[in-house]
Amino acid sequence: KELLEIAERTWEFFKEYLNSENNYLIPDNYQEERKPVVVHRTSSTNIGLSLLSVISAYDLGYSNLKETIELLNKILGTVNELQKWNGHLYNWYNTKTLEPLIPRYISTVDSGNFVGYLMVAKQFLLENNITDYLYEDINSLIENTNFSVLYNSKIKLFSIGFNIEENKLTDSYYDF
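First, a word on what this report is: a plain description of the structure on this page. Because the structure is a prediction, the values reported are computed rather than measured. (Residues numbered from 1 in each chain as written. Predicted model: local features only at pLDDT ≥ 70, side-chain atom pairs only at ≥ 80, totals over all residues. Heavy atoms only, no water.)

Summed over all chains, the structure comprises 1 cavity of 30 Å³ or more. Along the walls of the largest cavity sit Ser44, Gly87, His88, Leu89, Ser111, Phe114, Val115 and Thr145, which together make up its complete lining. Counting only elements with at least two residues in the lining of the largest cavity, the list comes to strand 5 (88-89) and helix 4 (108-127). The dominant element in the lining of the largest cavity, judged by the number of residues it contributes, is helix 4, at 3 residues. For the lining of the largest cavity, the class distribution of residues is 3 nonpolar, 5 polar and no charged. (1 Å grid on protein atoms, 1.4 Å probe; cavity = no way out; pocket = protein on both sides within 12 Å on 5 of 7 lines; lining within 4 Å. Points joined across faces, edges and corners; volume = space filled by probe spheres on them. Helix = DSSP H or I, 4+ residues; strand = E, 2+ residues; numbered from the N terminus. Nonpolar A, V, L, I, M, F, W, Y, C, P; charged D, E, K, R; others polar.)

Turning our attention to helix 2 (residues 44-59). Spanning 16 residues, helix 2 covers 23 Å between terminal C-alpha atoms, matching the ideal 22 Å at 1.5 Å per step. The complete set of buried residues in helix 2 reads Ser44, Thr45, Asn46, Ile47, Gly48, Ser50, Leu51, Ser53, Val54, Ile55 and Ala57. Against helix 1 (2-17), strand 3 (41-43), helix 3 (65-81), strand 5, strand 6 (92-94) and helix 4 lie the buried residues of helix 2. The first or second residue beyond helix 2 is glycine 61, which carries a positive phi of 85°. (Expected span 1.5 Å × (residues − 1). Buried < 20%, exposed > 50% of the residue type's maximum accessible area, 1.4 Å probe, protein only. Contact = heavy atoms within 4.5 Å.)

Next up on the list: the packing of aromatic side chains. Taken as a whole, this structure holds 6 aromatic pairs when the rule is applied. Measuring from ring centre to ring centre gives 5.8 Å for phenylalanine 13 and phenylalanine 14, while their planes differ by 90°; the resulting arrangement is edge-to-face. Classification of phenylalanine 13 by relative accessible area gives partly exposed; the value is 26%. The interplanar angle of 75° and the centroid separation of 5.5 Å between the aromatic rings of tyrosine 58 and phenylalanine 124 together place this pair among those described as edge-to-face. Residue tyrosine 58 is located in helix 2, and its partner phenylalanine 124 is located in helix 4; the two are separated by 66 residues in the primary sequence. On the accessibility criterion, tyrosine 58 (26% relative accessible area) is partly exposed. Each residue in the set Phe13, Phe14 and Tyr17 is aromatic and connected to the rest through ring pairs, giving one cluster. (Phe/Tyr/Trp six-rings, centres within 6.5 Å; stacked < 30°, edge-to-face > 60°.)

Going through the model one piece at a time under the given rule, you end up with 6 salt bridges. Notably, a salt bridge pairs arginine 41 with aspartate 28, separated by 3.8 Å at the nearest N-O pair. Placement of arginine 41 in strand 3 and of aspartate 28 in the loop between helix 1 and strand 1 (29-31) is noted, with a sequence separation of 13 residues between them. According to the relative accessible area criterion, arginine 41 is partly exposed, its value standing at 30%. Take aspartate 28: its relative accessible area is 25%, and that puts it in the partly exposed class. For arginine 104, the salt bridge is made with glutamate 165, and the minimal N-O distance between the two is 2.8 Å. Taken as a pair, arginine 104 in the loop between strand 6 and strand 7 (105-107) and glutamate 165 in the loop between strand 10 (161-163) and strand 11 (168-169) lie far apart in primary sequence, 61 residues in all. Residue class for arginine 104 comes out partly exposed when judged on its relative accessible area of 24%. Note on glutamate 165: relative accessible area 38%, which makes it partly exposed. (Salt bridge = Lys/Arg side-chain N within 4 Å of Asp/Glu carboxyl O.)

Here you go:
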């Protein structure tokens, strides 16, 4: 019971802030101390988590299928408007202007997370027999995210990311 109450409160946060004011991008955080303040920035991981939150709200009965699809469409409509680099979302965006925050950076792990979240959304649509524009849109986002640009073929490892301002891979790598 306690876990379901936490889930419902979490959904209420997403439901309140996935709105037109934020271009259907979930803000990174909400600060309650001093005075309530929404921080109008988001990351690719936050965007992906909002997709999972919308799907989970449906699974838990907090939202019906029509509302779920409408919200997924709005989120992904905004994602399509965002500037990208080789299909990757930048690490941070302003939720009001949709501009990437400086320094512009591509995080390999955040991009991997986002593509994984898209795969979950794609599976959700398949399970609900929805293979229309939204399904194709998600598929396109997945297929157009080029991970080879984050890979160092000399050492056979992925860099932790790409610094757009310096136009180079970060000199740190994921190793097993």
